[in-house]
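Understanding the architecture of this molecule
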Amino acid sequence: MDIPPFPDDAPTIPIARISYAALLAGDTVESQKVLTACTTDGFFYLDMTENASGQELLDDAGQLHSLSKGLFDAPVDEKMRYLNDRGKSLFGYKPTGAVAKDHLHNITSSRTYPPEMTTSQPLCRSFTQNAHVCAQVIMRTLARQLHLEDEDTFARRADFKAPSGDHLRLTKKSLNPKDNDGHTIGLASHTDFGLVTVLFNWLGGLQIQSLQPENAGQWCFVKPLPGHAIINLGDAMVKFTNGTLKSAKHRVVPAPGLQATVDRYSVVYFSRPADEAIMEVLPPFLGDGTVQIGGKLGEEGKRYTTREWMVRRLVQMGH
Ligand SMILES: O=C(O)CCC(=O)C(=O)O
Ligand SMILES: [Fe+2]
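In short, a report on the structure.

Conventions used here
Residues numbered from 1 in each chain as written. Chains lettered and ligands numbered in written order. Predicted model: local features only at pLDDT ≥ 70, side-chain atom pairs only at ≥ 80, totals over all residues. Heavy atoms only, no water. Salt bridge = Lys/Arg side-chain N within 4 Å of Asp/Glu carboxyl O. Helix = DSSP H or I, 4+ residues; strand = E, 2+ residues; numbered from the N terminus. Buried < 20%, exposed > 50% of the residue type's maximum accessible area, 1.4 Å probe, protein only. Near = heavy atom within 4 Å. Polar contact = N/O pair within 3.5 Å; in protein donor to acceptor, adjacent residues only side chain to side chain. Areas by Shrake-Rupley, 256 points an atom, 1.4 Å probe, with all protein chains shown as cover. Nonpolar A, V, L, I, M, F, W, Y, C, P; charged D, E, K, R; others polar. Donors = N, O, S within 2.8 Å, 3.2 Å for Na, K, Ca; no water. Arc of directions from axis to C-beta. Contact = heavy atoms within 4.5 Å. Pairing = 2+ DSSP bridges. Phe/Tyr/Trp six-rings, centres within 6.5 Å; stacked < 30°, edge-to-face > 60°.

Turning next to the pattern of salt bridges. Opposite charge on two side chains permits pairing when their charged atoms draw close. The tally for this structure, following the rule as stated, stands at ten salt bridges. The salt bridge involving Arg313 is made with Asp235; its shortest N-O contact spans 2.0 Å. You can see Arg313 sitting in helix α9 (residues 306-316) and its partner Asp235 sitting in helix α8 (residues 235-240), a full 78 residues away along the chain. Among the residues examined, Arg313 registers a relative accessible area of 4% and is labelled buried. One salt bridge connects Asp275 with Arg307, and the closest N-O pair in it is separated by 3.6 Å.

See the structure below:
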């Protein structure tokens, strides 16, 4: 891939670098790094190059990157045929496109996707399957590190075969010279809603807020690292653990330096609890019974299923 270099002088955050192969092997030092990352920055790099399923995920992400270029280059009226049903569904075309795990794997009935997407179904299936496994490996690692009796406490709530809001999202952001003014935000500050997000991008632009004393609170870039995915947790993990784990705020701004002159794509898998899973603090985190974190909905006292909760979050975010 021919992309301009990430500039040396752009402020970056040195998030942890963790080996996927080591997590799969149950390495305790690497596993501890996951828990530390998920209680501090909320983001970490996962090295995908040392094991077969990681490498496959990396290769599939590269192919989806190429596929994205074709999909987004289609004329607008062609793309509008696959328009997302705003406010009702996550899937279909909008300036960002998304494909449901459930549609790809015949878990629920599908919708119309562009022909390129249909012919690439094996690729999308393989990517979503491997990304789901990766998300569950992170969830099991966290459960073990938190000394939960059941290491599937989180992962079980993300049963692959159960209908859920899990999806693959392909995004493209084109250069708009007037955006490159140092102020424009491509994707406003937000936290992801779900369990674990597995992100691949090739250009800078993603930012999180620094925790380093010398520049605390400053938005700094998460510089893309070849061969690595970027992993972060969503609000469902915060809710389940009563605030023990963190879903960090992040945003996307134009890529720094010369990188701003080329189109920016990202390939993301969002894992979420199954639609029917109850969004509540799990017993090991109840402590003296005080719910620390009510989510962002002021929902104290009401039990929502994940589907209800996600719909409310979508409305809240103006989707
Ligand atoms: O494009 C990126 O690097 C991040 C995208 C993101 O945060 C999101 O889609 O939720
Ligand atoms: Fe996000």
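Once that is clear, we can look at the site of ligand 1. Around ligand 1, the structure places Arg169, Leu187, His190, Asp192, Leu199, Asn201, Leu206, His250, Val252, Arg264, Ser266 and Phe270. One nitrogen or oxygen atom from the side chain of His250 is found 3.1 Å from an oxygen atom belonging to ligand 1. For ligand 1, an oxygen atom lies 2.8 Å from a polar atom in the side chain of Arg264. Summarising the interface, the protein chains cover 94% of the accessible area of ligand 1, which totals 300 Å² for the free molecule. Top element by residues in the shell around ligand 1 is strand β12 (residues 264-270). It accounts for three residues. Looking at side-chain class alone, the shell around ligand 1 contains five nonpolar, four polar and three charged residues.

To continue, consider the coordination of the iron ion (ligand 2). Within the first shell, the iron ion (ligand 2) binds the protein through His190 (NE2), Asp192 (OD) and His250 (NE2), at distances of 2.1 to 2.2 Å. The motif formed by the donor residues of the iron ion (ligand 2), counted along the single chain, is H-x1-D-x57-H. One end of the pair, His190, is in strand β6 (residues 187-190); the other, His250, is in strand β11 (residues 250-252), with 60 residues separating them in the sequence. In this structure, His190 and His250 share a single accessibility class: buried.

This next bit is on α9. Where α9 is concerned, the buried positions are Thr306, Trp309, Met310, Arg313 and Leu314. Within α9, the buried residues cover an arc of 140 degrees as seen down the axis, which keeps them to one side. Summarising the contacts, the buried residues of α9 are in contact with α8, β13 (278-279) and β14 (304-305).

We now examine the side chain of His103. Positionally, His103 belongs in helix α5 (residues 101-104). Here Ser109 takes part through its backbone oxygen, which lies 3.3 Å from a polar atom of the side chain of His103.

Okay, the pairing of strand β5 (residues 167-173) next. Of all the seven residues making up β5, five are buried; the element is thus mostly covered by neighbouring parts of the structure. Relative to β12, β5 runs antiparallel, the two sharing seven bridges. In the sheet register, Leu170 faces β12, and the bridge partner there is Val267.

This brings us to the packing of aromatic side chains. Using the criterion set out here, one finds three aromatic pairs in the structure. Taken together, a centroid distance of 5.8 Å and an interplanar angle of 85 degrees make the contact between Phe6 and Phe221 edge-to-face. With a gap of 215 residues between them, Phe6 in the segment before β1 (16-19) and Phe221 in strand β9 (residues 219-221) connect regions that are remote in the sequence. Overall, the relative accessible area of 10% leaves Phe6 in the buried class. Pairing Phe154 with Phe285 gives two aromatic rings, centres 6.3 Å apart and planes at 25 degrees, and the pair type is stacked.

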